[in-house]
Amino acid sequence: MEERYCPVCEAPIRGRSDKIYCSPNCKSAHQYENKKLTDKLYFDIDRQLKTNRKILKRYNLNGRTTLRRNVLHEEGFDPHYFTHYWKNHKNQVYLLSYDFGILKIDEEKRSEKVPKYLIVEWQNYMKPSN
């Protein structure tokens, strides 16, 4: 029979053939580390969503604003994190971080495309229809 070792402390495992850890302490330590990693991902995503909302709110003082994308990105905005989306009648997709959202647009300036975001605040007509 092959000797087995604890994945936490690498001590030899004695006892039942399906035993994974050498002691209850090692089992608990392993479960704690796994939970910490899972919770870290959750908190990192939540932190970025809140950062996105805070940045959009700061720049959107009148309910609808246009701003260069690089300005938001330099502030820490990450468009890959959003809570939901809304598609208008033109099939344009707005990505929302809670109650503030963006629409990617390219504005022509001196025959050059300038990447911008249209920043909007959530409105009642954006409610999903069931």
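Just so it is clear, the structure is predicted and the values come from calculations on it, not from any experiment.

Novice: Requested: an account of the overall build of the protein, with residues and values cited.
Specialist: Looking only at helices and strands, the protein has 2 helices and 5 strands in total. Each of the three principal axes of the protein carries a C-alpha extent, and together these read 75 × 40 × 25 Å. Within the protein, the proportion of its 130 residues that are buried is 26%. On the protein, roughly 9,900 Å² of surface is accessible, and the fraction owed to carbon and sulfur atoms is 51%. Averaging the locations of the 25 positively and 17 negatively charged side chains of the protein gives two centres separated by 5 Å.

Novice: Quick one: what's the story with unusual backbone geometry, residue by residue and with numbers?
Specialist: Across residues other than glycine, the phi torsion is negative in most instances, and most of the peptide bonds are trans. The phi dihedral of Glu-10 falls on the positive side, at around 65 degrees, and the residue is not glycine. As for its placement among the helices and strands, Glu-10 is situated in the segment before α1 (24–59).

Novice: So what's going on with the nonpolar core? Which residues, and what values?
Specialist: Ile-55, Leu-56, Leu-67, Leu-72, Phe-77, Leu-95, Phe-100, Ile-102, Tyr-117 and Ile-119 form the largest nonpolar core, which has 10 residues in total. Looking at this core, the elements with two or more residues in it are α1, β4 (100–109) and β5 (112–121). Setting aside anything within four residues of it in sequence, one finds Phe-100 in contact with Arg-53, Leu-56, Lys-57, Asn-60, Leu-95, Val-120 and Glu-121. Judged by nonpolar contacts, the second largest core, of 7 residues, contains Trp-86, Leu-103, Leu-118 and Met-126.

Novice: Explain the confidence of the model for the protein to me, using residue names and the numbers behind them.
Specialist: Residues with a pLDDT of 70 or more make up 98% of the protein, whose mean pLDDT is 91. Across the protein, strand β3 (residues 93–97) holds the top mean pLDDT of 96, while β4 sits lowest at 90.

Novice: So, the side chain of Thr-65: which residues are in play, and what are the values?
Specialist: Tracing the chain through its elements places Thr-65 in strand β1 (residues 64–68). A polar contact is formed between the side chain of Thr-65 and the side chain of Asn-60, at a distance of 3.0 Å. Discounting residues that sit within four places of it in the chain, Thr-65 has contacts with Tyr-59, Asn-60, Tyr-117, Leu-118 and Ile-119.

Novice: Any details on the state of the cysteines? Residues and values, ideally.
Specialist: This model, assessed by the stated rule, comprises 0 disulfides. Cys-22 takes part in no disulfide bond, and the closest cysteine sulfur to it belongs to Cys-9, at a distance of 3.4 Å. Here Cys-22 falls in the partly exposed class, since its relative accessible area comes to 25%. The cysteine Cys-26 is free of any disulfide, with Cys-22 supplying the nearest cysteine sulfur at 3.7 Å.

Calculation notes
- Residues numbered from 1 in each chain as written.
- Predicted model: local features only at pLDDT ≥ 70, side-chain atom pairs only at ≥ 80, totals over all residues.
- Heavy atoms only, no water.
- Helix = DSSP H or I, 4+ residues; strand = E, 2+ residues; numbered from the N terminus.
- Buried < 20%, exposed > 50% of the residue type's maximum accessible area, 1.4 Å probe, protein only.
- Areas by Shrake-Rupley, 256 points an atom, 1.4 Å probe, with all protein chains shown as cover.
- Lys, Arg positive; Asp, Glu negative; His and termini not counted.
- Charge placed at Lys NZ, Arg CZ, Asp CG, Glu CD.
- Core = buried A, V, L, I, M, F, W, Y, C linked by side-chain atoms within 4.5 Å.
- Contact = heavy atoms within 4.5 Å.
- pLDDT = per-residue confidence, 0-100.
- Polar contact = N/O pair within 3.5 Å; in protein donor to acceptor, adjacent residues only side chain to side chain.
- Disulfide = S-S within 2.5 Å.

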